[in-house]
Amino acid sequence: SIERARRIVSATTLLLWPALRRRSVPAWGVWLAAVTAFGVLAARGNAHAALDGLPIMINAALCFVFAHTLAGGHEPLIARIIAEIEGPQHLALPGVATYARRLTWAWAIVLGTQAVGLTVLLAWRVPDGVFATFGIAAPIKLSAVAWGWWLHAGSYALVFAFLLLEYAFRRWHLRHVEQMPLPQFIARLAQCWPALVRSFADQRPRGR
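Residues numbered from 1 in each chain as written. Predicted model: local features only at pLDDT ≥ 70, side-chain atom pairs only at ≥ 80, totals over all residues. Heavy atoms only, no water.

Undergrad: Can you explain the overall build of the protein? Please cite residues and give values.
TA: A tally of regular secondary structure across the protein gives 10 helices and two strands. Its helices and strands in sequence order give the protein the pattern α-α-α-α-α-α-α-β-α-β-α-α, from N to C terminus. Within the span of the protein, comprising 208 residues, buried residues form 41% of the whole. A separation threshold of at least 6 residues defines the contact pool for the protein, and within that pool the share at least 24 residues apart is 66%. Summing over all exposed atoms, the protein offers an accessible surface of approximately 11,500 Å²; the carbon and sulfur share of this is 69%. (Helix = DSSP H or I, 4+ residues; strand = E, 2+ residues; numbered from the N terminus. Buried < 20%, exposed > 50% of the residue type's maximum accessible area, 1.4 Å probe, protein only. Contact = heavy atoms within 4.5 Å. Areas by Shrake-Rupley, 256 points an atom, 1.4 Å probe, with all protein chains shown as cover.)

Here is the structure:
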């Protein structure tokens, strides 16, 4: 429907807005490709599949955010988070900055893999997946129930499991550094997230 298409375009624009505002060519390319793909699906009477593509865009956008901060002249996103929550002095401790860069890479890979996986599963879904919409036989047929379980449970469980495993590994790897309890860290992250988003949108490395 027109209303669903409007919601999809609005959500996609919101996700990519910081990069679109900077006139980033990759961001505009992703925006045009996503809007075109969602529009084609909606035009073929499968607005439901188009709407289900939003989690893919969310994961892809977050992957872009993490990966983009690894470019030259920018501070890795995890390093920004540590400096915002625990202070620049914590980031300056031995091994912390290096670990922050590697963890930023790890999150970019996890979120990118999640986006690719959801794309493949949405394409294989029957009877209203992307392949079915265009009359193409999917190599593997995934039921809508299985898709729903992964979208609403499995995908979140994957991210949560990575979060817990990373925290346990960090406690061991950086055992010479005092660690903030995980619930407190997440609470502080939620409080500081708006400032971090503004920092990313302005493309200013912290402390400059």
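Once the structure has been displayed, the description carries forward.
Undergrad: Explain the packing of helix α5 (residues 77-86) against helix α7 (residues 96-124) to me, using residue names and the numbers behind them.
TA: For the pair α5 and α7, the least separation of the axes is 7 Å and the interaxial angle reads 125°. Of the possible angle classes, the one that applies to α5 and α7 is oblique. Contacts between α5 and α7 pair L77, I78, A79 and I82 from the former with V96, A100, L103, T104 and W107 from the latter. Class assignment of the residues belonging to the contact of α5 with α7 gives a composition of eight nonpolar, one polar and no charged. (Axes fitted to C-alpha atoms, helices over the stretch in contact; angles between N-to-C directions. Parallel < 35°, antiparallel > 145°, perpendicular 65-115°, else oblique. Nonpolar A, V, L, I, M, F, W, Y, C, P; charged D, E, K, R; others polar.)

Undergrad: Break down the nonpolar core for me, citing the residues and quoting the values.
TA: Core analysis: the largest hydrophobic core is formed by 24 residues, its most contacted members being F66, I78, I81 and L91. When contributions to this core are tallied by element, the ones reaching two or more residues are α4 (54-68), α5, α7 and α10 (182-202). Beyond its immediate chain neighbours, meaning those up to four positions away, F66 contacts L77, I78, T104, W107, A108 and L111. Core analysis: the next-biggest nonpolar cluster, separate from the first, contains nine residues, L16, A27, W31 and F38 among them. (Core = buried A, V, L, I, M, F, W, Y, C linked by side-chain atoms within 4.5 Å.)

Undergrad: Requested: an account of the packing of aromatic side chains, with residues and values cited.
TA: Within this structure, the stated rule accounts for four aromatic pairs. With a centroid separation of 6.2 Å and an interplanar angle of 25°, the aromatic rings of Y99 and F169 are classed as stacked. Of this pair, Y99 sits in helix α7 while F169 sits in helix α9 (residues 144-173); the two residues are 70 residues apart in sequence, bridging distant segments of the chain. The class for Y99 is buried, based on a relative accessible area of 10%. When the ring of W107 is compared with that of F162, the centres are 4.6 Å apart and the planes differ by 80°; the resulting orientation is edge-to-face. With W107 in helix α7 and F162 in helix α9, this residue pair connects regions lying 55 residues apart in the sequence. For W107, a relative accessible area of 11% corresponds to the buried category. Judged by its relative accessible area of 21%, F162 is partly exposed. One aromatic cluster in this structure is built from F66, W107 and F162. Lying across the ring of F185, R170 places its NZ or CZ 5.7 Å from the centre. (Phe/Tyr/Trp six-rings, centres within 6.5 Å; stacked < 30°, edge-to-face > 60°. Lys NZ or Arg CZ within 6 Å of the ring centre and 35° of its normal.)

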